[in-house]
Amino acid sequence: MRATVGILGAGPAGLLLARLLHNAGIDSVVLESRDRAYVERRQRAGILEQGTADVLRAAGAGERMDREGLRHDGIELRFDRRRHRVDFPALTGGRSVTVYAQTEVCKDLIALQLQDGGPLLFEAEALAVEGADTDAPRVRFRREGREDVLECAYVVGCDGFWGVARKAIPAELVQVFERTYPFGWLGILADVPPSHDELVYARHDRGFALLSMRSPSVSRLYLQVPDGTDAGEWSDEEIWDELGRRFETADDWRLERGPITQKSVTPMRSYVHEPMRHGRLFLAGDAAHIVPPTGAKGLNLAVGDVVTFARALTHQQETGSPDLLDAYSETCLRRIWQAERFSYDMTTLLHRAPGATGFEDRLQLARLERIASSRAAETDLAEGYTGFPFGG
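Residues numbered from 1 in each chain as written. Predicted model: local features only at pLDDT ≥ 70, side-chain atom pairs only at ≥ 80, totals over all residues. Heavy atoms only, no water.

### Some thoughts on the overall build of the protein chain
Helix and strand counts for the protein chain stand at 12 helices and 19 strands. Its C-alpha atoms give the protein chain a radius of gyration of 21 Å, within 12% of the compact-globule value 21 Å for 392 residues. When burial is assessed residue by residue, the protein chain has 56% of its 392 residues classed as buried. For the protein chain, restricting intrachain contacts to residue pairs at least 6 apart in sequence, the fraction spanning at least 24 positions comes to 71%. Looking at the protein chain as shown, the accessible area adds up to about 16600 Å², and 47% of this sits on carbon and sulfur atoms. (Helix = DSSP H or I, 4+ residues; strand = E, 2+ residues; numbered from the N terminus. Rg over C-alpha atoms; globule rule 2.2 N^0.38 Å. Buried < 20%, exposed > 50% of the residue type's maximum accessible area, 1.4 Å probe, protein only. Contact = heavy atoms within 4.5 Å. Areas by Shrake-Rupley, 256 points an atom, 1.4 Å probe, with all protein chains shown as cover.)

### Describing the UniProt feature "domain: FAD-binding" (unreviewed entry) in the protein chain
Per the UniProt record, "domain: FAD-binding" (unreviewed entry) is annotated on residues 3–343. End C-alpha to end C-alpha, residues 3–343 measures 36 Å, and it is 31% helix and 34% strand. (UniProt positions renumbered as here; feature names shortened; annotations may be inferred.)

### Section: the pairing of strand 10 (residues 138–143)
Of the strand pairs in this sheet, strand 9 (residues 124–130) and strand 10 are connected by 6 bridges, and their pairing is antiparallel. Residue pairing in the sheet places Glu125 in a bridge with Arg142 of strand 10. Where strand 10 lies against strand 11 (residues 146–157), 6 bridges are found, and the strand directions are antiparallel. Bridge pairing in strand 11 links Val139 to Leu150. Hairpin geometry of strand 10 and strand 11 is characterised by an intervening segment of 2 residues between the two adjacent antiparallel strands and by a positive phi of about 55° at Glu144. (Pairing = 2+ DSSP bridges.)

### A word on the pattern of salt bridges
What the rule picks out here adds up to 42 salt bridges. Among the ionic pairs, Arg82 bridges to Glu369, the shortest N-O distance being 2.6 Å. Here Arg82 is found in strand 6 (residues 82–87), whereas its partner Glu369 is found in helix 11 (residues 358–373), with 287 residues between them in sequence. Its relative accessible area of 33% is what places Glu369 among the partly exposed residues. Measuring nitrogen to oxygen at the nearest pair gives 2.6 Å for the salt bridge that ties Arg257 to Asp241. (Salt bridge = Lys/Arg side-chain N within 4 Å of Asp/Glu carboxyl O.)

### What to know about the environment of Thr308
With respect to the secondary-structure elements, Thr308 resides in helix 8 (residues 298–319). For Thr308, a relative accessible area of 10% puts it in the buried group. In the structure, Thr308 is positioned 82 residues away from Phe390 in sequence and 7.1 Å away in space, judged by C-alpha atoms.

### Quick look at the packing of aromatic side chains
In the structure shown here, the tally under the stated rule is 16 aromatic pairs. Centroid distance Tyr154 to Phe309: 6.5 Å. Interplanar angle 70°. Geometry classified as edge-to-face. Within this pair, whereas Tyr154 is found in strand 11, its partner Phe309 is found in helix 8, the two being separated by 155 residues in sequence. On the accessibility criterion, Tyr154 (7% relative accessible area) is buried. Classification of Phe309 as buried rests on a relative accessible area of 1%. The lysine or arginine in question, Arg34, covers the ring of Tyr38, its NZ or CZ lying 4.2 Å from the ring centre. Its end group placed over the ring of Phe161, Arg166 keeps NZ or CZ at 4.2 Å from the ring centre. (Phe/Tyr/Trp six-rings, centres within 6.5 Å; stacked < 30°, edge-to-face > 60°. Lys NZ or Arg CZ within 6 Å of the ring centre and 35° of its normal.)

### Digging into the sheet that holds strand 12 (residues 175–190)
Read across the open sheet, the 8 strands follow the order 6-5-13-14-15-12-16-19; overall the sheet is mixed. A single partner strand is all that each edge strand has here, and the edge strands are strand 6 and strand 19 (289–290). As judged from the 6 bridges shared by strand 14 (residues 209–215) and strand 15 (residues 218–226), these two strands associate in the antiparallel manner. Opposite Ser212, over in strand 15, you have Arg220 as the bridge partner. Against the sheet, helix 11 touches strand 5 (74–79) and strand 6, its axis set at about 140° to strand 5. The strands that helix 12 (residues 375–386) touches are strand 5, strand 6 and strand 13 (199–202); relative to strand 6, the one it contacts most, it runs at about 65°. (Axes fitted to C-alpha atoms, helices over the stretch in contact; angles between N-to-C directions.)

### Describing the sheet that holds strand 4 (residues 70–72)
Taken in spatial order, the 3 strands make up an open sheet running 3-7-4, and their pairing is antiparallel. Strands with a single pairing partner mark the edges of an open sheet, and in this sheet they are strand 3 (47–48) and strand 4. When strand 4 meets strand 7 (residues 97–99), the two strands line up antiparallel, connected through 3 bridges. Among the inter-strand pairings, Arg71 is bridged to a residue of strand 7, identified as Thr98.

### What about the packing of helix 1 (residues 12–23) against helix 6 (residues 102–116)?
Two elements in contact, helix 1 and helix 6, have axes separated by 9 Å at closest approach and are oriented at 35°. Note on packing geometry: the crossing formed by helix 1 with helix 6 is left-handed. Between helix 1 and helix 6, the contacting residues are Pro12, Leu15, Leu16, Ala18, Arg19 and His22 on the first element and Gln102, Val105, Cys106, Leu109, Ile110, Leu112, Gln113 and Asp116 on the second. Of the residues in the contact of helix 1 with helix 6, the class split is 9 nonpolar, 3 polar and 2 charged. (Left-handed = near helix turned anticlockwise from the far one by under 90°. Nonpolar A, V, L, I, M, F, W, Y, C, P; charged D, E, K, R; others polar.)

### Section: unusual backbone geometry
In this structure, Pro275 follows Glu274 across a cis peptide bond, with omega equal to 0°. Secondary-structure assignment places Pro275 in the loop between strand 16 (260–274) and strand 17 (277–278). Here Asp80, not a glycine, exhibits a phi torsion of approximately 55°, which is positive. Locating Asp80 in the fold gives a position in the loop between strand 5 and strand 6. Even without being glycine, Ala296 reaches a positive phi, approximately 55°. With respect to the element layout, Ala296 can be found in the loop between strand 19 and helix 8.

Here's what the structure looks like:
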């Protein structure tokens, strides 16, 4: 099997890359180790930056997003039982974000790929990337019990932190930067309309809480919990009681309760792998970087990576110049480190670290007061949340 670009992983990054390449007249093959049903139901991110939404529209994958997604023009910060709204369009020249789950993005892109794109092979497990530093890299994979080889001009690893792409870069060429946080998020899905029409980020002495949503009838909420917490340790009533405490305000706002349909705990970490390119192997998404979910950056960073690669390869095909491909890692990393910085700032702003002192608590409150009282500080948050420009 041959293709100009071999894409490992059919998450939103791999699927969007296949679509961008198809629209540019460049052929690709997508290998995905899981079956279609799994890809279309795995719960991940749900916030699309302005740039991500615009890219999906331009790629022909925005129709259902625009019909069913929820445009949000701001977020609410809560601290000391106070409420402060950050108005995105007023601070960023009109930018906003869209609540539209990753599962739905994948469904839309899969449908397009199967309709008129290149091969999309489910249950095709990539075993190794070989010859990455040659002009003819190969991907060994297993499908239906048989091994096969995909011969490519380029390979893009969108196969996540545990995939094979990252492992194909020699260890002596790699630098890794990471931080593990001493807490995680207990997340729930609940069959109850959201108690607020925009996301609410709450800083409380008992820990962080986030009110989000999946649709007008389904709420997504999170609690900061100690690292290693088992979701089963929390009863539904305990979860709602704790959410109510952390979201409490001085006015008459109330948290609506409903049946909890899903519970899980998400660990919190920051991770960057440099470089993101070795020869003709390019890393994208979680294969190269992970951010804590506080800043809603994970999916959006992956989109930035594949947009950068698609533009670079199209430029090479049209002009013969490899300059943009050669600059891929550096270009992506400029944006990635800004997103890492923003996610770290949001995490340390809103989460109470184990053993935090009164001094540290007061610093958090001072930082939140600054955002609430300074247009410059508020603008910095709004610009980071709605997204940094693609291409660095």
